Amino acid sequence: MAAHLSYGRVNLNVLREALRRELREFLDKCAGSKAIVWDEYLTGPFGLIAQYSLLKEHEVEKMFTLKGNRLPAADVKNIIFLVRPRLELMDIIAENVLSEDRRGPTRDFHILFVPRRSLLCEQRLKDLGVLGSFIHREEYSLDLIPFDGDLLSMESEGAFKECYLDGDQTSLYHAAKGLMTLQALYGTIPHIFGKGECARQVANMMVRMKREFTGSQNSVFPVFDNLLLLDRNVDLLTPLATQLTYEGLIDEIYGIQNSYVKLPPEKFAPKKQGGSGGKDLPTEAKKLQLNSAEELYAEIRDKNFNAVGSVLSKKAKIISAAFEERHNAKTVGEIKQFVSQLPHMQAARGSLANHTSIAELIKDVTTSEDFFDKLTVEQEFMSGIDTDKVNNYIEDCIAQKHPLIKVLRLVCLQSVCNSGLKQKVLDYYKREILQTYGYEHILTLNNLEKAGLLKAQTGGRNNYPTIRKTLRLWMDDVNEQNPTDISYVYSGYAPLSVRLAQLLSRPGWRSIEEVLRILPGPHFEERQSLPTGLQKKRQPGENRVTLIFFLGGVTFAEIAALRFLSQLEDGGTEYVIATTKLMNGSSWVEALMEKPF
Amino acid sequence: MNRTKGDEEEYWNSSKFKAFTFDDEDDELSQLKESKRAVNSLRDFVDDDDDDDLERVSWTGEPVGSISWSIKETAGTSGSAPEGREQLKGRNSFYTQLPKPTSTYSLSSFFKGRTRPGSFQSLSDALSDTPPKSYAPELGRPKGEYRDYSNDWSPSDTVRRLRRGKVCSLERFRSLQDKLQLLEEAVSMHDGNVITAVLIFLKRTLSKEILFRELEVRQVALRHFIHFLKETGDQKLLLDLFRFLDRTEELALTHYREHLNIQDPEKRKEFLKTCIGLPFSAEDSAHVQDHYTLLERQIIIEANDRHLESAGQTEIFRKHPRKASILNMPLVTTLFYACFYHYTESEGTFSSPINLKKTFKIPDKQYVLTALAARAKLRAWNDVDALFTTKNWLGYTKKRAPIGFHRVVEILHKNSAPVQILQDYVNLVEDVDTKLNLATKLKCHDVVIDTCRDLKDRQQLLAYRSKVDKGSVEEEKIDAILNSSQIRWKN
């Protein structure tokens, strides 16, 4: 059912199974027929863990989304609210419960908080007078959700803002909890490395939690060799740049949510023979699931988009040839064999058709003049050209009222690539933005400043060139077709975060002490002792497995770069990636924007 | 990096910055086309069976049986598109196996008695033989609810119990010292949930002054407290706290933020007035003042124009009815509006563009750009002309554009200005290459021809000859120039 989770070096199906088991146990506690009322946000992440069939096997007969007023009618014994611990949701639940009481047979209410119970929320339910109505109030620790064979995410939208703006560490605590769960399933991770303030916190929490569990010795043979904790604010640059891998561009242009993407339907209209097919063109967005379960997608998603076309065309030839084989099938045996391969071939054809259409959609965007201009400016900034003055293109974007998020991304990128803007330049941009998009964005600009994305240069020192040169962040000769370096994911720029991971594995961070000191937050190393029986003896040529945890979010381009490193023949390290949120520059900036309460 | 102009050009010509287009445009395009063609031809071959029963997904891609799909399905009457479901039913063999869930028919009974329903066999079934103990230990699962009445728990025990989700009474911690110890224990656990619980308790049982004083020396707890106040919308206490901490700028911003929740324009304006003079940074302070002034203006303009529009006496409003109210629009949008509806008004009125420009110190560039867009939209070419005409003291006129004439041309073109007008402005573009490019793109033949002549570029002129219509005036003009003996061609 989720076989793609077990393709990687670490079988993440084990985690998925543990999560499913926990869910089933909760459902069985509420004996009898049930209805689930969903916090809509959770249906996406839950879809990665369980299908409706699992719930049905445990007598879930009805499912609703959480809405105000009354619950829809349902002839069931139990009503289970499955929600994130958020105050506004508590108000709705209370409304549901109170209007329910007045009619007919009494039912059992339960509440399942994801990922954690919240005393604050329970207090609110108590204030609203409904806390006593719930029989089970429990938590479901859906901290890290397996997305793919090498990818885990907490899908916590607010994590970056909470950690770096509000200084609330709750999501770090969840990250640490998630890591403890992983260690329970995959063994203690002997080495912990980290860079950044939040990384330090998480490591501290892990050490502390481990101490509390001393009673039960973990006897699982360790799968991971290293854990690398990285703060997003160590590398604020990477997410701001436009991702240029296939998956990255799909995300930039259409947004991937819980491994699904919604696409304009026109290109996917089923073409039938005869004229009758065209009459009911679909108007609803076409929704596709994107993960490594699809062979073709696994092959092309991490490629630079410029290398995708040739792969698609090669595949088309192979599939055509395979279908042509039918003419050569003469004997009954041969025909039988051909027929037996048909389902696989049809699936491959369907997959090819979809990705050809998606590639066409993306190409329309990437070949536009504006995309080219934007990319040129980004690449200038990242290679250190003209970062200290007002940029014409940004000015034009504001004058033509391009989307505010696009403008903010560019201004922040310039600021980061110049270690802060000159006061005059910063003031100029701010003024233009406020006059064009509205004064209320004072609040958003302040948030960006607090998060360090936008700032005035202090002390007149620009450290970025030093960082760029030492870490070789800008590579002049990129091979997009057959890459030799991670910089292919941004057609020239090598993501700082991934470069840090690469240098850690070889030759080690000692070689870049100077740059590490310039980047924010401490860097550190911890060891967790293992009983002698569990210590690993590596076979010659066997790769290490590193779990890399991005605190505050990670982009698909960074994931692609890490997969590229995993696949290097003499790389020596394979990566499993975990994060608080899969994101891109736009969703990131958007999360930092101030909206009405 | 300081680059001279020459450098820059060289930089572009030798650019290592590749355009983000496919390496070999034609080749790549044809590759995509090729795979598309292949796909389509295959479709013809296999399309006797339906496309969609390959994967069990509904048109929207929701796999049948996924959670979000099921919500729509079982919610029955509460709003799912019926036709979509019918379609699905017809197409999907899987669907027909399922009884349509209704409130009287229990799905579970349908599946009971089948030990292992084939289509639902999941990995979990296959794996259920694995001993559970291998993952059990740390997937912390709080055991039920039970209240603890023991009075002996120390602060650290209490915090530990809270963390495991057990309900503990905090009331018996009466001394300040106990309460603070409780807080410190909570903070050292890093569990935001518990920290917040303790903070709620402290908020209720300590005086504001003492609470603030103690939080000030406990930064982690303080940050959680601020976040908690924001979350619960306790604006008053939050402002008191910032005042106590002397975090004046945050105080100002937090107060200002509240205007977002006020819908009524008059009330919002009054609220913004209370923000003026708050300790913002110098820059923000000016912006907040402008925000207030702008809304004040907009309220006056809105009342006035709504009246004019409904009276139906003013031509501009009759010809171009307003699409939306101007309230709460950004400054530049307001300026555009003023240039559109109130362009000729004298500087004394609130709605005159010049007045707006002066009041808000709108830079020339911004002003010209906006005025140009508004007047071009109305096809008021004389106004456009006037925008760029300056007179010197001798009375000679000269054309000047602070935004560069290439931008002027772009905007005019976007508003479909006639060729004659476009031509005048293309001619004013200073950089010859830009001028030629623009003129070629916009088919301003005269400009192209004259420029080639001035450049003495016979080859380019010859090339352009093939682009104009046979026997046209332009062709004649080109021929005349080509045959002229006056010109010393450079090629």
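Residues numbered from 1 in each chain as written. Chains lettered and ligands numbered in written order. Predicted model: local features only at pLDDT ≥ 70, side-chain atom pairs only at ≥ 80, totals over all residues. Heavy atoms only, no water.

Taking an unreviewed UniProt entry as the reference, chain B is identified by name as Spermatogenesis-defective protein 39 homolog belonging to Cricetulus griseus.

Chain A goes by Vacuolar protein sorting-associated protein 33A in an unreviewed UniProt entry, where it is assigned to Cricetulus griseus. Per its UniProt entry, chain A bears the Sequence similarities (unreviewed entry) comment "Belongs to the STXBP/unc-18/SEC1 family." (UniProt positions renumbered as here; feature names shortened; annotations may be inferred.)

Student: Hey, could you run me through the overall build of chain A in this one?
Tutor: Across its full length, chain A carries 22 helices and 15 strands. For 597 residues, the compact-globule formula gives about 25 Å, and the C-alpha radius of gyration of chain A, at 26 Å, lands near that figure. A principal-axis box enclosing the C-alpha atoms of chain A has dimensions of 75 × 70 × 65 Å. Buried positions account for 63% of the 597 residues belonging to chain A. (Helix = DSSP H or I, 4+ residues; strand = E, 2+ residues; numbered from the N terminus. Rg over C-alpha atoms; globule rule 2.2 N^0.38 Å. Buried < 20%, exposed > 50% of the residue type's maximum accessible area, 1.4 Å probe, protein only.)

Student: Would you mind going over the UniProt feature "domain: Vps16 C-terminal" (unreviewed entry) in chain B with me for this structure?
Tutor: Residue and element names in this part refer to chain B. Within this structure's numbering, the places UniProt gives as "domain: Vps16 C-terminal" (unreviewed entry) are residues 176-275 and 356-469. Secondary structure within residues 176-275 divides into 83% helix and 0% strand; the distance between the first and last C-alpha atoms comes to 37 Å. In this annotation, residues 356-469 is assigned 65% helix and 5% strand; the end-to-end C-alpha distance for the span is 48 Å.

Student: So what exactly am I meant to see when it comes to the state of the cysteines here?
Tutor: Linking two cysteines covalently through their sulfur atoms gives a disulfide. Taken as a whole and assessed by the stated rule, the structure comprises zero disulfides over all chains. Considering cysteine sulfurs only, C412 of chain A is the nearest to C417 of chain A, which forms no disulfide, with 11 Å between them. (Disulfide = S-S within 2.5 Å.)

Student: Would you mind going over the packing of helix α16 (residues 282-311) of chain B against helix α18 (residues 331-341) of chain B with me for this structure?
Tutor: A packed helix pair is summarised by two numbers, namely the angle formed by the two axes and the spacing between the axes. All names here are of chain B. It is the contact of α16 with α18, at a shortest axis distance of 12 Å, that shows an interaxial angle of 30°. Crossing geometry of α16 relative to α18 is assigned as left-handed. Across the interface between the two elements, L294, Q298, I301 and D305 from α16 touch L331, T334 and Y337 from α18. For the contact of α16 with α18, the residue count by class is four nonpolar, two polar and one charged. (Axes fitted to C-alpha atoms, helices over the stretch in contact; angles between N-to-C directions. Left-handed = near helix turned anticlockwise from the far one by under 90°. Contact = heavy atoms within 4.5 Å. Nonpolar A, V, L, I, M, F, W, Y, C, P; charged D, E, K, R; others polar.)

Student: Whenever I open this one, the sheet that holds strand β2 (residues 60-65) of chain A confuses me. Can you help?
Tutor: Through backbone hydrogen bonds, the strands of a sheet pair up, either in parallel or in antiparallel fashion. All names here are of chain A. Here we have five strands laid out as an open sheet, ordered β2-β1-β3-β4-β5, and parallel in their pairing. For this open sheet the edge positions go to β2 and β5 (134-139), each flanked by a neighbour on one side alone. On average, each strand axis in the sheet is inclined to that of its neighbour by 20°, with strand direction left out of account. Running at roughly 170° to β5, helix α1 (residues 13-29) makes contact with β1 (34-38), β2, β3 (78-83), β4 (108-113) and β5 of the sheet. (Pairing = 2+ DSSP bridges.)

Student: What is the right way to look at the confidence of the model for chain B in this model?
Tutor: Residue and element names in this part refer to chain B. Summary statistics for chain B give a mean pLDDT of 75 and a share of 71% for residues scoring 70 or more. Averaged pLDDT values for the elements of chain B fall to 28 in helix α6 (residues 107-111) and rise to 97 in helix α15 (residues 265-275). In the predicted structure, residues 1-26 sits below a pLDDT of 50 and forms 37 contacts with residues beyond four places in sequence or in another chain. Segment residues 44-61 is flagged for pLDDT under 50; beyond a separation of four residues in sequence, or across chains, it makes 45 contacts in the model. (pLDDT = per-residue confidence, 0-100.)

Student: Looking at this structure, how should I read the packing of helix α26 (residues 458-465) of chain B against helix α27 (residues 473-483) of chain B?
Tutor: All names here are of chain B. The interhelical angle for the contact between α26 and α27, taken along N-to-C directions, is 155°, at an axis separation of 10 Å. One element, α26, and the other, α27, form an angle in the roughly antiparallel class. The way α26 lies across α27 gives a crossing that is left-handed. Only E475, I478, D479, I481 and L482 of α27 make contact with α26, whose side of the interface consists of R458, L461, L462, Y464 and R465. (Parallel < 35°, antiparallel > 145°, perpendicular 65-115°, else oblique.)

Student: Teacher, can you tell me more about the environment of S281 of chain B here?
Tutor: Residue and element names in this part refer to chain B. Mapped onto the elements, S281 comes out in the loop between α15 and α16. S281 sits in the partly exposed class, given a relative accessible area of 24%. Along the primary structure S281 and L253 are separated by 28 residues, whereas in three dimensions their C-alpha atoms are 9.9 Å apart.

Student: What is the right way to look at the pairing of strand β9 (residues 226-231) of chain A in this model?
Tutor: Successive residues of a regular strand alternate their side chains across the two faces of the sheet. Residues and elements named next belong to chain A. A large share of β9 lies buried, amounting to six of its six residues. As paired strands, strand β8 (residues 191-195) and β9 are joined by five bridges and run parallel to one another. Bridge pairing in β9 places I192 opposite L227. One ladder, built from six bridges, connects β9 with strand β14 (residues 544-551); its direction is parallel. Considered in β14, the bridge of L228 is made with I548.

Student: Which parts of the structure should I look at to understand the packing of aromatic side chains?
Tutor: The description of two aromatic rings rests on the distance between their centres and on the angle between their planes. With the rule as written, the count across this model stands at 23 aromatic pairs over all chains. By way of ring pairs, the aromatic residues F317, F336, Y337, F340 and Y341 of chain B are connected into one cluster. The ring of F524 of chain A has R200 of chain A lying over it, and the distance from NZ or CZ to the ring centre is 4.1 Å. Over the ring of Y367 of chain B we find K357 of chain B; its NZ or CZ atom is 5.6 Å from the centre of that ring. (Phe/Tyr/Trp six-rings, centres within 6.5 Å; stacked < 30°, edge-to-face > 60°. Lys NZ or Arg CZ within 6 Å of the ring centre and 35° of its normal.)

Student: Can you walk me through the nonpolar core in this structure?
Tutor: What tends to happen in soluble globular proteins is that the nonpolar side chains get buried as a cluster. Among the nonpolar cores identified, the biggest contains 251 residues, and L55 of chain A together with L412 of chain B are the most heavily contacted of them. Sequence-distant contacts of L412 of chain B, defined by excluding residues within four places in its chain, comprise L372, A376, W381, V384, A417, I421, L422 and Y425 of chain B. Counting residues in each nonpolar core, the second largest holds 60 residues, with V37, A94 and V130 of chain A together with L170 of chain B among its members. (Core = buried A, V, L, I, M, F, W, Y, C linked by side-chain atoms within 4.5 Å.)

Student: What exactly am I supposed to notice about the environment of H227 of chain B here?
Tutor: Assignment of secondary structure puts H227 of chain B in helix α12 (residues 219-232). Given a relative accessible area of 12%, H227 of chain B falls into the buried group. Excluding its chain neighbours within four sequence positions, the residues that come into contact with H227 of chain B are E162, D166 and D168 of chain A. Within the structure, H227 of chain B has its side chain in polar contact with the side chain of D168 of chain A (distance 2.6 Å). (Polar contact = N/O pair within 3.5 Å; in protein donor to acceptor, adjacent residues only side chain to side chain.)

Student: Mind showing me how you'd approach unusual backbone geometry here?
Tutor: Peptide bonds are trans in most cases, and residues, glycine excluded, mostly fall at negative phi. Residue and element names in this part refer to chain A. The omega torsion across V114 and P115 is 0°, close enough to zero to call that bond cis. The peptide bond linking R506 to P507 adopts the cis configuration, its omega dihedral lying at 5°. Within the chain, R472 stands out as a residue other than glycine whose phi angle is a positive 45°. Locating R472 in the fold gives a position in the loop between α18 (464-470) and α19 (496-505).

Student: Is there a simple way to think about helix α14 (residues 248-257) of chain B in this case?
Tutor: Because the α-helix completes a turn every 3.6 residues, residues three or four places apart line up on one side. Most of α14 of chain B sits inside the fold, with seven of its ten residues counted as buried. Considering only its buried residues, α14 of chain B is in contact with α17 (442-450) of chain A together with α13 (235-245), α15 and α16 of chain B.

Student: Looking at this structure, how should I read a nonpolar patch on the surface?
Tutor: Residues and elements named next belong to chain B. A cluster of nonpolar side chains, contributed by W393, L394 and Y396, occupies part of the molecular surface with about 480 Å² of accessible area. Tracing the sequence through the fold places L394 in the loop between β1 (389-391) and β2 (397-399). Exposure remark for L394: the relative accessible area of 53% places this residue in the exposed category. (Patch = residues over 30% accessible without salt bridge, like charges linked within 9 Å, V, L, I, M, F, W, Y side chains within 5 Å. Areas by Shrake-Rupley, 256 points an atom, 1.4 Å probe, with all protein chains shown as cover. Salt bridge = Lys/Arg side-chain N within 4 Å of Asp/Glu carboxyl O.)

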